[in-house]
Amino acid sequence: MEYIFSDKVNTLRASAIREILKFTADPEVISFAAGNPAPEAFPKEAIAEISADLLKNDPILALQYSVTEGYTPLREFLKGWMKEKGCFHPEFDDLIITSGGQQANELSCKVLLNEGDTLLCESPSFIGSLNAFRSYNVNLKGIEMEDDGINLEALENVLKTDKKVKLLYLIPNFQNPTGRTMSLEKRKAVYELAQKYNFIILEDDPYGELRFAGTNLPTIKSLDTDGRVIYSSTFSKLISSGFRTGYVSAPSEIIQKIVVCKQVSDVHSNIWAQVVSHRFMTTVDREAHFNKLRDIYREKCELMCSYIDNGFSKTISYIKPEGGLFIWCTLPDDADMNEFCRRAVQEYKIAVVPGNSFNINENDPSHSFRLNYSTPTNDNIKKGMEILSRMTREMFD
């Protein structure tokens, strides 16, 4: 029979990244297209020990239903940890555990926006969140970026003309896909615009702890004085992506609505993962672990960048990140980026992600592509970047 899908999903398409990853089933393909943590970054031994103790001594805690808001000890730990960072204001904020940062962003959109309301975001931006927002039939508008983050003039021009703007979605630290970091001046300016034009900021910060260069910057949430910033983050890049354990710090009225929507969605997040996350964060030397992660990604990033600096065609520019997982490369203006990405995976056996995958409108032109350095081994970075370097010289020199 012919199936008629709902308006909310009829226009959604599979992630281009997931489609590209199908090519990686070919054992000859080296993938720079994923965004997974490095295999050596997982604290496997600590997770095994904590899990064994939990299942031996308190198994029902890990196996039984739990409350929607999340495992209470984990929530209380996060409130304290976030307060130290300025991301939790006890006088008006609350906190909920979510199934990864993706659900945090999706539920924030669900509770605040009606169909036809405007949601602004950086352009390009994270495809997972974009598809979540699209599923609610919001008016999604992208604002171009500069080297230090979103273009403030372009942002305010939209705010002056569009009176239905309710939410601005930002990834200030090591943005996915561009790797850019928003300057402190722009963080302050964006918050002032939120006050002036009365909208809410959704600050997505999955990579904040993965800074391996430069100076730590205050979150936008730390500037929040009147309850207009939602802060979402996750343990996916710090402990385990498979745990699907994220969290949201936001004004309590917003959290109350998210709780109700989450009950409809999945009742509660994986309780075993929540307990293990809590015990890891409170019994293991977490700062030593984070430093290990930073060392891993610093080495991988510098290795990949060395090939871009010394091997790529000089016609290609790139953004060197201070943290996170991604490098954003830009081809010459007259280059066919999609053809470049196709040839890379089919002829040269190197998978990269085409930049238009992250556009608000995928039909808009892009001359960029995204590289990931966290997932491949160092040996594969060397091998793959040598091949990709040769390809760029052959095509553009």
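Further up the page is the structure itself.
Residues numbered from 1 in each chain as written. Predicted model: local features only at pLDDT ≥ 70, side-chain atom pairs only at ≥ 80, totals over all residues. Heavy atoms only, no water.

> Looking at this structure, I do not really get the packing of helix α6 (residues 100–112) against helix α7 (residues 127–134). What am I missing?
Pairs of packed helices are described in terms of their axes, by the angle between the two and the distance that separates them. Where α6 contacts α7, the axes come no closer than 9 Å and their chain directions differ by 30 degrees. Judged on the interaxial angle alone, α7 and α6 are roughly parallel. Here α6 runs over α7; the crossing is right-handed. Here α6 contributes Gln 102, Asn 105, Glu 106 and Cys 109 to the contact with α7, which in turn contributes Gly 128, Ser 129, Ala 132 and Phe 133. Split by residue class, the contact of α6 with α7 holds 3 nonpolar, 4 polar and 1 charged. (Axes fitted to C-alpha atoms, helices over the stretch in contact; angles between N-to-C directions. Helix = DSSP H or I, 4+ residues; strand = E, 2+ residues; numbered from the N terminus. Parallel < 35°, antiparallel > 145°, perpendicular 65-115°, else oblique. Left-handed = near helix turned anticlockwise from the far one by under 90°. Contact = heavy atoms within 4.5 Å. Nonpolar A, V, L, I, M, F, W, Y, C, P; charged D, E, K, R; others polar.)

> Please explain the pattern of salt bridges as it appears in this structure.
Between side chains of opposite charge, a pair can form when the charged atoms approach closely. By the definition in use, this model includes 23 salt bridges. In this structure, Asp 94 and Arg 75 form a salt bridge, with 3.0 Å as the shortest nitrogen-oxygen distance. Remark: Arg 75 occurs in helix α5 (residues 72–85) and Asp 94 occurs in strand β2 (residues 93–99); sequence separation between them is 19 residues. You'll find Asp 94 and Arg 75 in the same group, each marked buried. Glu 339 serves as the salt-bridge partner of Arg 342, at 2.7 Å between the closest nitrogen and oxygen. Taken as a pair, Arg 342 and Glu 339 lie in helix α13 (residues 337–346) at a separation of 3 residues, close to a single helical turn. Given a relative accessible area of 32%, Arg 342 falls into the partly exposed group. (Salt bridge = Lys/Arg side-chain N within 4 Å of Asp/Glu carboxyl O. Buried < 20%, exposed > 50% of the residue type's maximum accessible area, 1.4 Å probe, protein only.)

> I keep staring at the pairing of strand β9 (residues 245–251) and nothing clicks. Help me out?
Burial runs high along β9: 7 of the 7 residues are buried. Here strand β8 (residues 229–234) runs beside β9; their pairing, made up of 4 bridges, is antiparallel. Counterpart to Ser 233 in the pairing with β9 is Tyr 247. (Pairing = 2+ DSSP bridges.)

> Whenever I open this one, the sheet that holds strand β11 (residues 326–330) confuses me. Can you help?
Within a beta sheet, neighbouring strands are joined by backbone hydrogen bonds and run either parallel or antiparallel to one another. Strand order across the open sheet formed by 4 strands is β10-β11-β14-β13, with antiparallel pairing between neighbours. Each edge of the open sheet is held by one strand with a lone partner, namely β10 (317–319) and β13 (353–354). Where β13 meets strand β14 (residues 368–372), 2 bridges bridge the pair, whose relative direction is antiparallel. Each residue of the ladder has a partner; that of Val 353, found in β14, is Arg 370.

> What is the right way to look at the packing of helix α12 (residues 286–311) against helix α14 (residues 378–396) in this model?
Closest axis-to-axis distance for the α12/α14 pair is 9 Å, and the angle between their directions is 20 degrees. Here α12 lies roughly parallel to α14, going by the angle between them. Handedness of the crossing formed by α12 with α14: right-handed. Mapping the contact onto sequence places Glu 299, Lys 300, Leu 303, Met 304, Tyr 307, Ile 308 and Gly 311 in α12 and Asn 378, Ile 381, Lys 382, Met 385, Glu 386, Ser 389, Thr 392 and Arg 393 in α14. Residues that form the contact of α12 with α14 fall into these classes: 6 nonpolar, 4 polar and 5 charged.

> Where do I start with helix α10 (residues 252–265) in this structure?
Because an α-helix packs 3.6 residues into every turn, residues spaced three or four apart end up facing the same way. The end-to-end C-alpha distance of α10 is 20 Å, a good match for the 20 Å that 14 residues give at a rise of 1.5 Å each. Those residues of α10 that fall on the buried side of the exposure criterion are Ile 254, Ile 255, Ile 258, Val 259, Cys 261 and Lys 262. As for α10, its buried residues are in contact with β2, α6, β7 (200–204), β8 and β9. After α10 finishes, the residue Val 267 shows a positive phi value of roughly 70 degrees. (Expected span 1.5 Å × (residues − 1).)

> Teacher, can you tell me more about the nonpolar core here?
The tendency in soluble globular proteins is for nonpolar side chains to be buried as a group. Among the nonpolar cores identified, the biggest contains 95 residues, and Trp 81, Leu 119, Tyr 297, Leu 371, Met 385 and Leu 388 are the most heavily contacted of them. If you tally residues by element for this core, the top one is α12, at 10 residues. In this view, Trp 81 contacts Glu 209, Phe 235, Leu 238, Tyr 247, Met 281, Arg 286 and Phe 290; residues no more than four positions away in its chain are not counted. By size, the runner-up hydrophobic cluster in this structure holds 18 residues, among which are Ile 150, Leu 168, Leu 170 and Tyr 191. (Core = buried A, V, L, I, M, F, W, Y, C linked by side-chain atoms within 4.5 Å.)

> I keep staring at the pairing of strand β4 (residues 139–146) and nothing clicks. Help me out?
For a regular strand, side-chain orientation follows a simple rule: the groups alternate between the two sheet faces. Pairing geometry for strand β3 (residues 118–123) and β4, over 6 bridges, is parallel. Looking across to β4, one finds that Glu 122 is bridged to Ile 143. Tracing the backbone out of β3, into α7 and back to the parallel element β4 gives a crossover that is right-handed. Strand direction decides the pairing type here: β4 and strand β5 (residues 149–150), joined by 2 bridges, are antiparallel. The residue of β5 that forms the bridge with Met 145 is Ile 150. (Right-handed = clockwise from strand over helix to strand, strands pointing away.)

> Sorry if this is basic, but what is going on with the environment of Gln 64 here?
Among the structural elements, Gln 64 can be located in the loop between α4 (59–63) and α5. When its relative accessible area of 44% is taken as the criterion, Gln 64 is described as partly exposed. Spatially, the C-alpha atom of Gln 64 lies 8.0 Å from that of Ile 271, the residues being 207 residues apart in sequence.

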